[in-house]
Amino acid sequence: MCIRDRPGTGEFRPPRLVIPTPSGRPFTQADAVRYAAEPWLVFACGRYEGIDSRVAEEARTRMPVDEVSLGDFVLAGGEVAVLVMVEAIGRLLPGVLGNADSVADDSFAPGAMESLLEGPVYTKPPVWRERPVPDILLSGHHGAIARWRRDEALRRTARTRPELLARLDPGALDRHDRAVLREAGFPVDGEDMAD
Ligand SMILES: C[S@@+](CC[C@H](N)C(=O)[O-])C[C@H]1O[C@@H](n2cnc3c(N)ncnc32)[C@H](O)[C@@H]1O
């Protein structure tokens, strides 16, 4: 592998080398955020048995190297894994999304509640095949809508990814959050901190 300086810059600032492999640490939204802030990433895709360990070992003497996994399954090659990462990273770059603020409502949005999934999503029209959007979302009451979204996010996380709840910062949970989690069968110990 030969990685040279970027044309015209004159100096060599090594990129971060990202190697997809099922034996790497899990790639998360936090990694996507971190990588989106990097000036230069290089991805190395494996096939067959994967990349000879000496490649990462040697690269580490010259640049930061991350070995990351997309999940607990084995793909035939790293290309699709890299496409997934490029998509997750690319949408965080300035100007890519029409509304940059929408990232804040996504599942795993960075911040105190980054272990939460997003609750159910509704768009337009208000009624589709006799199925209405929940009244609260049409109420115009921003505080109540935010509360409803947070409740639904907590409920969905408890239902589909309960292991994520263990990673929630108890200090970021208010009384209402705790009541929702209790009702969902996941009581949280300790005082209510963020009322
Ligand atoms: C058949 S896999 C190699 C599997 C390897 N022998 C193992 O058991 O860990 C070939 C390539 O697919 C990619 N790959 C497969 N599964 C992946 C996963 N879960 N996450 C990221 N990359 C993966 C990697 O680039 C890997 O080098």
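See above for the structure.
Let me sum up the structure you'll find in this document. The structure displayed is predicted, hence computed values, not measured ones.

**Some remarks on a nonpolar patch on the surface**
Stage number 1. A cluster of nonpolar side chains, Phe73, Leu75, Val80 and Val84, forms an exposed patch at the surface whose accessible area comes to about 340 Å².
Stage number 2. Mapped onto the elements of the fold, leucine 75 is located in the loop between β3 (65-69) and α3 (79-90).

**Here's the deal with the sheet that holds strand β1 (residues 16-26)**
Stage number 1. Here three strands make up an open sheet; going across it, the order is β2-β1-β3 and the pairing parallel. The open sheet has two free edges, formed respectively by β2 (41-43) and β3, since each of these has just one partner strand. On average, each strand axis in the sheet is inclined to that of its neighbour by 45 degrees, with strand direction left out of account.
Stage number 2. Against the sheet, helix α1 (residues 29-36) engages β1, β2 and β3, with an angle of about 175 degrees to β1.
Stage number 3. Packing of α3 onto the sheet brings it into contact with β1, β2 and β3, and relative to β2 it is tilted by some 160 degrees.

**Some words on the site of the ligand**
Stage number 1. What surrounds the ligand is a group of 19 residues, the closest being Pro20, Leu70, Gly71, Phe73 and Leu75.
Stage number 2. Contact distances for the ligand include 3.1 Å between an oxygen atom and a backbone N or O atom of glycine 46.
Stage number 3. In this structure, glycine 78 approaches the ligand through a main-chain N or O atom, which is 3.4 Å from an oxygen atom.
Stage number 4. When the ligand sits alone it has 590 Å² of accessible area, and the protein chains cover 83% of it.
Stage number 5. Elements with a minimum of two residues in the shell around the ligand: β1 and β3.
Stage number 6. The leading source of residues in the shell around the ligand is β1, at three residues.
Stage number 7. Along the lines of polarity and charge, the residues of the shell around the ligand split into ten nonpolar, seven polar and two charged.

**Notes on unusual backbone geometry**
Stage number 1. Here the amide bond leading from lysine 124 into proline 125 is cis, since omega sits at 0 degrees, within 30 degrees of zero.
Stage number 2. Relative to the helices and strands, proline 125 resides in the loop between α3 and β4 (127-128).
Stage number 3. Backbone geometry places glutamate 130, a non-glycine residue, at a positive phi of 65 degrees.
Stage number 4. Tracing the chain through its elements places glutamate 130 in the loop between β4 and β5 (131-132).

**What to know about the pattern of salt bridges**
Stage number 1. Summed over the entire model, instances satisfying the criterion amount to 17 salt bridges.
Stage number 2. Note that aspartate 66 and arginine 25 form a salt bridge whose closest N and O atoms lie 3.6 Å from each other. Placement of the pair is aspartate 66 in strand β3 and arginine 25 in strand β1, with a sequence separation of 41 residues.
Stage number 3. For arginine 25, a relative accessible area of 34% puts it in the partly exposed group.

**Details of helix α6 (residues 175-183)**
Stage number 1. Burial in α6 covers these residues: Asp177, Arg178, Val180 and Leu181. Buried residues of α6 fall within an arc of 160 degrees about the axis and therefore sit on the same side. Exposed positions of α6 whose direction lies more than 90 degrees from the buried face are Arg175, Arg182 and Glu183.
Stage number 2. Contacts made by the buried residues of α6 are with α4 (142-160) and α5 (162-165).
Stage number 3. Between the side-chain oxygen at the start of α6 and the backbone nitrogen of histidine 176 there is a gap of 3.1 Å, and the oxygen is on aspartate 174.

What counts and what doesn't
- Residues numbered from 1 in each chain as written.
- Predicted model: local features only at pLDDT ≥ 70, side-chain atom pairs only at ≥ 80, totals over all residues.
- Heavy atoms only, no water.
- Patch = residues over 30% accessible without salt bridge, like charges linked within 9 Å, V, L, I, M, F, W, Y side chains within 5 Å.
- Areas by Shrake-Rupley, 256 points an atom, 1.4 Å probe, with all protein chains shown as cover.
- Salt bridge = Lys/Arg side-chain N within 4 Å of Asp/Glu carboxyl O.
- Helix = DSSP H or I, 4+ residues; strand = E, 2+ residues; numbered from the N terminus.
- Pairing = 2+ DSSP bridges.
- Axes fitted to C-alpha atoms, helices over the stretch in contact; angles between N-to-C directions.
- Contact = heavy atoms within 4.5 Å.
- Near = heavy atom within 4 Å.
- Polar contact = N/O pair within 3.5 Å; in protein donor to acceptor, adjacent residues only side chain to side chain.
- Nonpolar A, V, L, I, M, F, W, Y, C, P; charged D, E, K, R; others polar.
- Buried < 20%, exposed > 50% of the residue type's maximum accessible area, 1.4 Å probe, protein only.
- Arc of directions from axis to C-beta.

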